[in-house]
Amino acid sequence: MRLELSRAVQGCRLGLLTGLGNTGQHSLEVPGCLLYTCCATVPHLTQDTLHTLRDLPSVTQVSVDMYFAVHHMLMVSYAGLHDTVLFCSLHDSANSIPAGHVTNKTVSVWGSGGRIELTAARFMAIQAAIQPDFYQSMADGETWQAGTSRKRVRKAVDRTLAHLDECLVLHQKTQELKQSEIFGVVEGGDILEERLRSARETAKRPVGGFVLDGFHSAAMDQDVRVQLIKATSAELPQEKPRLVLGVGRPDEVISCVEAGVDLFESFFPFQVTERGCALSFNYNIDPDPETAGTSTPTVLEFNGEMPAVKKLNSNGDENMTPYEMNLKDKRYHDDFRPLVEGCSCYCCKKHMRSYVHHLLVTNELLGGVLLMLHNMAHYLGFFKSLREAITSDRLQDFKNRVLHCREGD
Amino acid sequence: MAAPIPGSTHECEGSMASVKAVSSAAPLALRIVAECPVSKARACTLTLPHCAVSTPVFMPVGTQGTLKGITVDQLEDLDCQICLGNTYHLGMRPGPELIEKADGLHGFMKWNRNLLTDSGGFQMVSLVELSEVTEEGVTFRSPYDGKEILLTPEQSIAIQNSLGSDIMMQLDDVVSSTVKGPRVEEAMHRSVRWLDRCIAANKNPDRQNLFAIIQGGLDAKLRKACLDEMTKRDVPGFAIGGLSGGEEKDDFWKMVTLSTEHLPREKPRYLMGVGYALDLVVCVALGCDMFDCVFPTRTARFGSALVPWGSLQLKQKQYAKDFQPIDPDCQCPTCRRHSRAYLHALFKSDTAAMHHITIHNISYQVISSCVFEHI
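Only a predicted model underlies this, so the values are computations on that prediction, with no experimental measurement involved.

1. Remarks on the UniProt feature "binding site: Zn(2+)" (unreviewed entry) in chain B
Residue and element names in this part refer to chain B. Those residues carrying the UniProt feature "binding site: Zn(2+)" (unreviewed entry) are C330, C332, C335 and H360 in this numbering. For this annotated set, covering 31 residues, all C-alpha atoms fall within 8.4 Å of each other, a compact arrangement in space. Examined against the element boundaries, C335 turns out to sit in helix α12 (residues 333–337). Setting aside chain neighbours within four positions, we find C335 in contact with P325, I326, D327, C330 and H360.

Written as structure tokens, this is what we have:
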């Protein structure tokens, strides 16, 4: 694995992660996202529907808890993933982890039978079975609750470093992991000194990259996150990739990229799907020949209608973001337009809002399938446009476009 | 919308095949390609407004304008040429006005092949405690909002006209085949009267085919009387109804063969509600051409995969480490790529498991009905 950075613009790193996969022939553009899976499959999708998506990320994400659902290494090849690159995380970011189950020597994951306690040895045995191309080391990330004490944060950093050292020893001894890279995990909660300490210490170890933990959306404010990631990033070697866990909203992605993050998970489109919503924010900064030369588009031109955040939907999910539309809303009952005009996903090329609305109202399975296809396509398009904006020095235009649907922008 | 089929016989090709328009203006043509010398089985090409259908045919049921998690592209790839929509459910949600605005059910769900809609009457049997039948129609109490709805033959046809299906079913007075006594006869006569009302109410006889439904329960006399009456009407096709509701197998087969005996040879026969593979083969031998059942898709959602030797309950522990595909001889996308063990595990965490099994089950049913090849 090699990270080839082509430029750094306003804090954003642009490049290519190469040398991935069995024969090293796969690569992943950075900044970018991994392909989120649940039990080794992209939620709602089979191979046929999945492959209607173009430009799928070459790296698929699985998590340790999945191993306990399917408990066999061959599961990976039967899931149709054998030809892909795998990253293994400890947890599934779409599920919240119950707190209070971390000890000095163990962390816990939840499988179909309940809670499973993992020592570093057991954790590494699982990695040897899954044989991911890269994986995060075992870590204590339980610092996200409000009011976590300094002492607890310090313990999380210490434990995580201890786990890393133990995992590194086992990694060297494990034949099956010869081709795999281990990523160190940076902890530290919302305490700057601890973040710096964790980063510096982790950077001393022979890891292939870094996973930034404890930054997920519920854990801290955007501003705090950005400050801490910037500071952390400065302590990490430039030539090694940085992946942040638990961050998925477009605005949070952008600010993390500006703070020095390279890789993200893609659980966010799945969460949007589960609440019956479709990503609809505009990320296209190419000038429309018809309006070029006129003033910048106003909020009212956003996808041709008012952004969802400005109206109170009776069916609104409290987790709904300004970047999505709630397809369960009655207003879509007879709306024959595609979900997003100009989107080339299967759902938008074939179907209309009215039909998807009907599927959601009648609780039909196809609703989830179509929304997942659209949301993944939209999210991947967002990342692609982000990379193009960085490449062409138009990051500010891009931010204006994506972020302008928020209140006060 | 496809143009009506010309109702002429000059498309005859050779002496083996006979082409006959089934009625002067109906958009349906049945060409009998082969007939079994021993049984009453026949293989036909049924030409409908959207495309040709090879019979015997098994029609998957897409109740609410969707086939349980399968995209229309996947359905096409499975060689499905016709599937079902349910008038009652679609009439409730999203309603006929919207579907008509969306260019019919074809336009709404973007299915370019054939659609068959039922009358909405089957819900009478399945939701029987909610209904009252009078000469006017059936009164339901809607499970969605508790309101009382009266479904008349005219209204059923009006909704089906809005849906724009290639084949529509008459509204019939359905009684379960386990019911005995005068109610069965009353229902049979009423179904004949309702057939006439449906024929009169059909706004699109040039684009939509109205099928009659033979009733009469398990009473040979009543069934024969119904056959005599209904075959006097000039409808493009017939369904055999009032069966598969839990009757004894012997009684079931007798009624099927009695029906096919007295139905015109040159019109298609649709046996409603038969879905178990064994029944399918027998009923083809008895002269039936078209079949439907929610069973394959419904059972898929409970983790049950259909195989020639029965079914596999994939949620059972024994499949957790079984790395064979559902059926090693099956060529469907699910069997080509996935193992029983994978599906077993996936079932616990994601809806995709149901989709995989649904695809297999539909493929299995469609292939089984490729008895066409063997006749």
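2. Some remarks on helix α6 (residues 192–204) of chain A
All names here are of chain A. For α6, built from 13 residues, the straight-helix expectation of 18 Å at 1.5 Å per residue is met to within 8% by its first-to-last C-alpha distance of 19 Å. Among the residues of α6, those classed as buried are E194, R195, L196, S198, A199 and T202. Tucked into the core, α6 has its buried residues touching α5 (150–173), β11 (181–186), β12 (209–212) and α7 (222–235).

3. Some remarks on the UniProt feature "binding site: Zn(2+)" (unreviewed entry) in chain A
All names here are of chain A. UniProt records the feature "binding site: Zn(2+)" (unreviewed entry) at C343, C345, C348 and H374, using the numbering of this structure. The largest pairwise C-alpha distance within this set of annotated residues, which runs over 32 residues, is 8.2 Å, so the set is compact in three dimensions. In this structure, C345 sits in the loop between β16 (324–326) and α10 (346–350). According to the relative accessible area criterion, C345 is buried, its value standing at 3%. Sequence-distant contacts of C345, that is, excluding residues within four places in its chain, are made with L373, H374 and A377. Positionally, H374 belongs in helix α12 (residues 365–391).

4. Quick notes on the environment of A225 of chain B
Residues and elements named next belong to chain B. Tracing the sequence through the fold places A225 in helix α8 (residues 220–230). We classify A225 as partly exposed; its relative accessible area is 29%. For the pair A225 and G120, spaced 105 residues apart in sequence, the C-alpha separation works out to 24 Å.

5. Focus: the interface of chain B and chain A
Listed as interface residues are 39 residues of chain B and, on the opposing side, 36 residues of chain A. Together chain B and chain A conceal approximately 3,400 Å² of surface at their shared face, both sides included; 64% is due to carbon and sulfur atoms. Sorting the residues of chain B by area buried against chain A places F108, F323 and Y342 of chain B first, and these three jointly supply 17% of that buried surface. At the boundary of chain B and chain A, one finds four salt bridges. Of the charged contacts in the structure, one is a salt bridge between D48 of chain A and R337 of chain B, with a shortest N-O distance of 3.7 Å. Elements represented by at least two residues in the side of chain B that touches chain A include exactly α1 (72–77), α3 (96–101), α4 (104–109), α12, α13 (340–346) and α14 (352–368) of chain B. Considering every element that reaches the side of chain B that touches chain A, the biggest residue donor is α14 of chain B, with four residues. Residue composition of the side of chain B that touches chain A, grouped by class: 16 nonpolar, 13 polar and 10 charged.

Cut-offs applied
Residues numbered from 1 in each chain as written. Chains lettered and ligands numbered in written order. Predicted model: local features only at pLDDT ≥ 70, side-chain atom pairs only at ≥ 80, totals over all residues. Heavy atoms only, no water. UniProt positions renumbered as here; feature names shortened; annotations may be inferred. Helix = DSSP H or I, 4+ residues; strand = E, 2+ residues; numbered from the N terminus. Contact = heavy atoms within 4.5 Å. Expected span 1.5 Å × (residues − 1). Buried < 20%, exposed > 50% of the residue type's maximum accessible area, 1.4 Å probe, protein only. Buried area = accessible area lost by both parts, 1.4 Å probe. Salt bridge = Lys/Arg side-chain N within 4 Å of Asp/Glu carboxyl O. Nonpolar A, V, L, I, M, F, W, Y, C, P; charged D, E, K, R; others polar.

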